[in-house]
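Summary of the model geometry
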Amino acid sequence: MSENDLIELYDLPLSDKEAILIGRIIALWGALESEVFAQTIATFDVQDVEKLPRVMNNLNFLKVLELWKARVAEVEEGERAVLLEQQFENITRLHESRNALIHGMWTWSMAEPEKISTTRVSKKQVITLHFPAGSLADFHKELSVINFKIRYPGGVEDLARERENEGGFISRRMLCILTGNPAADDWLPRRTMPKGKHN
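Thresholds applied
- Residues numbered from 1 in each chain as written.
- Predicted model: local features only at pLDDT ≥ 70, side-chain atom pairs only at ≥ 80, totals over all residues.
- Heavy atoms only, no water.
- Salt bridge = Lys/Arg side-chain N within 4 Å of Asp/Glu carboxyl O.
- Helix = DSSP H or I, 4+ residues; strand = E, 2+ residues; numbered from the N terminus.
- Buried < 20%, exposed > 50% of the residue type's maximum accessible area, 1.4 Å probe, protein only.
- Core = buried A, V, L, I, M, F, W, Y, C linked by side-chain atoms within 4.5 Å.
- Contact = heavy atoms within 4.5 Å.
- Pairing = 2+ DSSP bridges.
- Phe/Tyr/Trp six-rings, centres within 6.5 Å; stacked < 30°, edge-to-face > 60°.
- Lys NZ or Arg CZ within 6 Å of the ring centre and 35° of its normal.
- Axes fitted to C-alpha atoms, helices over the stretch in contact; angles between N-to-C directions.
- 1 Å grid on protein atoms, 1.4 Å probe; cavity = no way out; pocket = protein on both sides within 12 Å on 5 of 7 lines; lining within 4 Å.
- Points joined across faces, edges and corners; volume = space filled by probe spheres on them.
- Nonpolar A, V, L, I, M, F, W, Y, C, P; charged D, E, K, R; others polar.

Turning our attention to the pattern of salt bridges. Under the criterion given, the structure shown has 9 salt bridges. As a salt-bridge pair, Arg-151 and Glu-35 come within 3.9 Å of each other at their nearest N and O atoms. On the criterion of sequence distance, the pair formed by Arg-151 in helix H4 (residues 135-151) and Glu-35 in helix H1 (residues 16-41) is long-range, its members being 116 residues apart. With a relative accessible area of 28%, Arg-151 lands in the partly exposed category. Judged by relative accessible area, Glu-35 falls into the partly exposed class, the value being 21%. As a salt-bridge pair, Arg-161 and Asp-158 come within 2.9 Å of each other at their nearest N and O atoms. Here Arg-161 and its partner Asp-158 are both found in helix H5 (residues 156-166), 3 residues apart, which amounts to about one turn of the helix. By relative accessible area, Asp-158 is classed as buried at 12%.

In terms of nonpolar packing, the biggest core is built from 33 residues, with Leu-32, Val-36, Trp-68, Leu-101, Leu-136 and Leu-143 touching the most fellow members. Those elements that provide at least two residues to this core are H1, helix H2 (61-71), helix H3 (78-103) and H4. In contact with Leu-32, not counting residues within four places along its chain, are Ile-91, Leu-143, Ile-146, Asn-147 and Ile-150.

What follows covers the pairing of strand E2 (residues 116-122). The side chains of a regular strand alternate, residue by residue, between the two faces of the sheet. Bridging between strand E1 (residues 105-108) and E2 involves 4 bridges; their strand directions are antiparallel. Across the sheet, residue Trp-106 finds its bridge partner in E2, namely Thr-118. As paired strands, E2 and strand E3 (residues 125-131) are joined by 7 bridges and run antiparallel to one another. By the bridge assignment, Ser-117 is partnered in E3 with His-130.

How two aromatic rings sit relative to each other is given by the distance of their centres and the angle of their planes. Under the defined criterion, the tally for this structure stands at 3 aromatic pairs. On the numbers, 5.7 Å between centres and 55 degrees between planes, the contact of Trp-106 with Phe-131 is tilted. Placement of the pair is Trp-106 in strand E1 and Phe-131 in strand E3, with a sequence separation of 25 residues. On the basis of relative accessibility, which here comes to 7%, the residue Trp-106 falls in the buried class. On the numbers, 5.0 Å between centres and 50 degrees between planes, the contact of Phe-148 with Tyr-152 is tilted. The lysine or arginine in question, Arg-71, covers the ring of Phe-44, its NZ or CZ lying 3.7 Å from the ring centre.

Take Met-105: it is sitting in strand E1. On a C-alpha basis, the gap between Met-105 and Thr-119 in space is 5.2 Å, while along the polypeptide they are 14 residues apart.

Moving on, we come to the sheet that holds E1. Taken in spatial order, the 3 strands make up an open sheet running E1-E2-E3, and their pairing is antiparallel. Two strands close off the open sheet at either side, each with one partner strand: E1 and E3. Pairs of neighbouring strands in the sheet enclose a mean axial angle of 30 degrees, with direction left out of account. Along the sheet face, H3 touches E1, E2 and E3 and points at about 100 degrees away from the line of E3.

There is about 340 Å³ of room inside the second largest pocket. Together, 13 residues line the second largest pocket, and Arg-24, Leu-28, Ala-31, Asn-147 and Arg-151 are the ones closest to its centre. Mapped onto the lining of the second largest pocket, the elements with two or more residues apiece are H1 and H4. Considering each element in turn, the lining of the second largest pocket owes the most residues, 4 residues, to H1. A breakdown of the residues in the lining of the second largest pocket according to their chemical character gives 8 nonpolar, 2 polar and 3 charged.

Put into structure tokens, the structure is as follows:
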């Protein structure tokens, strides 16, 4: 390889674990936005998309989320309504952290190398958000739970009902393994719990 073949790359100050978590959080947030949009648009009996509210242009997720709350969460009854309205509060609370992950520049400090931060400019303000050790994992877990609950507010019973209606289910990972698809190698090996560590 000649000197001319070398490519200079910018290296983000993120550990491999942090980078994986950030990627998964971004994917989970995308799944969340898609589900909120799909559930909201399903509440309209409209053949002509021009008759949908402008909010449904999907340019501002928080506005779609407000519509979802009014047309989906608040229409449910009992425990399902309470659970969905809790998810609305959780999503709203996490939105600023999501913006920091997507739009911020990652930095770190010599004094606390275990902590990472993002800095961005929004509406003429410099906004810095800190992510102490473990907070990305917490964010990822909470977002996974929210995604499940907005899809299945009745819990595993709702999930089982959906799977029954689909007539079976296989995960993408298992399909790749069973068919010998090269994408099967993209999954990291599953870690097993050491003996005596099981709950």
